[in-house]
Amino acid sequence: MGQKRYTRQQAERLIVRLVNMFESPTHRDATVRKLLKDLLQGRFGDIALDDAVVGRFRSASDSHVRRWAESIRDALHAWVIAPGAGLVMPLDLATFHVPASGELVVQVSTEVAEALRLQLAFALRLVGRERLQQCDCGRLFVRIGKRQFCSERCQKRVYMRRFRVGLAGKE
Ligand SMILES: [Zn+2]
């Protein structure tokens, strides 16, 4: 399959890079393509994508790739804003492969957009979906440690606002 199996830490790094890309106003087409390709080619659980899906991604135009990136960004925002809603996504084109020994693998051959959302869902599950959060400013970020904001700038801004109304340190 040629898919690289990700550890939790590696998946976290990829999710952080994806979220930073989506939430920054400027990013190059080459960056978008590279990160989506990494997501598509990663192995985050016992699920494998058909090689044809990756092939379709590789030969897609920049405008297709941008549209896929936007659809993933929208999916991320929807999950964070409505955390109880979960994710429902019909997949018609999956087959089970039960090997004589070793793990059960679900092999999926689907459209690139669906494949990307599926990969994202597995990557997020590996990282811990609750760690994807929305900052005070509306941007998404991955919570690492006790971090509560997308950036130091936001942390200072919110702290100063609390300070001005006399709430600093009182919470
Ligand atoms: Zn922020």
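Going by the structure above, here's the rest.
The following refers to the structure shown. Owing to the predicted nature of the structure, the values given are computational and were not obtained by experimental measurement. (Residues numbered from 1 in each chain as written. Predicted model: local features only at pLDDT ≥ 70, side-chain atom pairs only at ≥ 80, totals over all residues.)

**What to know about helix H1 (residues 8-23)**
Step number 1: Its 16 residues give H1 an end-to-end C-alpha distance of 22 Å, which sits within 8% of 22 Å, the value for a rise of 1.5 Å per residue.
Step number 2: Along H1, the residues classified as buried are Ala-11, Leu-14, Ile-15, Leu-18 and Val-19. Along the long axis of H1, the arc covered by the buried residues comes to 130°, so they all point the same way. (Helix = DSSP H or I, 4+ residues; strand = E, 2+ residues; numbered from the N terminus. Expected span 1.5 Å × (residues − 1). Buried ≥ 20, exposed ≤ 12 C-beta atoms within 10 Å, placed from the backbone. Arc of directions from axis to C-beta.)

**Observations concerning the environment of Leu-39**
Step number 1: Along the chain, Leu-39 turns up in helix H2 (residues 29-41).
Step number 2: Its 25 C-beta neighbours within 10 Å are what place Leu-39 among the buried residues.
Step number 3: Residues Leu-39 and Ile-15, spaced 24 residues apart in sequence, show a C-alpha to C-alpha distance of 8.7 Å.
Step number 4: Non-local contacts of Leu-39, meaning those with residues more than four positions away in its chain, are made with Leu-14, Leu-18, Leu-116, Gln-119, Leu-120 and Ala-123. (Contact = placed C-beta atoms within 7 Å.)

**Focus on the packing of helix H4 (residues 62-81) against helix H5 (residues 112-127)**
Step number 1: Between H4 and H5, whose axes approach to 10 Å, the crossing angle comes to 40°. Here H4 is positioned oblique relative to H5, judged by the angle of their axes. Classified by chirality, the crossing of H5 by H4 is right-handed. Touching Trp-68, Ser-71, Ile-72 and Ala-75 of H4 are Val-112, Ala-113, Leu-116, Arg-117 and Leu-120, all from H5. (Axes fitted to C-alpha atoms, helices over the stretch in contact; angles between N-to-C directions. Parallel < 35°, antiparallel > 145°, perpendicular 65-115°, else oblique. Left-handed = near helix turned anticlockwise from the far one by under 90°.)

**A closer look at the environment of Leu-35**
Step number 1: Following the sequence through the fold, Leu-35 ends up in helix H2.
Step number 2: Between the alpha carbons of Leu-35 and Arg-17 there is a distance of 7.7 Å; along the sequence they are 18 residues apart.
Step number 3: Sequence-distant contacts of Leu-35, that is, excluding residues within four places in its chain, are made with Arg-17, Leu-18 and Met-21.

**Section: the nonpolar core**
Across soluble globular proteins, nonpolar side chains have a tendency to be buried as a group.
Step number 1: Core analysis: the largest hydrophobic core is formed by 31 residues, its most contacted members being Ala-11, Ile-15, Leu-39, Leu-40, Ala-115, Leu-116 and Ala-123.
Step number 2: Elements supplying a minimum of two residues to this core: H1, H2, helix H3 (51-58), H4, H5 and strand E7 (140-142).
Step number 3: Looking at this core, the element that brings in the most residues is H5, giving 9 residues.
Step number 4: Leave out the neighbours within four places in its chain, and Ala-123 touches Ala-11, Leu-14, Ile-15, Leu-39, Gly-42 and Phe-44. (Core = buried A, V, L, I, M, F, W, Y, C linked by C-beta atoms within 7 Å.)

**Considering the environment of Leu-14**
Step number 1: Among the structural elements, Leu-14 can be located in helix H1.
Step number 2: By the C-beta count within 10 Å, which is 21 here, Leu-14 ends up buried.
Step number 3: The spacing of Leu-14 and Leu-36 is 22 residues in sequence and 9.6 Å in space, taken between C-alpha atoms.
Step number 4: Among all residues touching Leu-14, those that are not within four sequence positions of it are Asp-38, Leu-39, Gly-42 and Ala-123.

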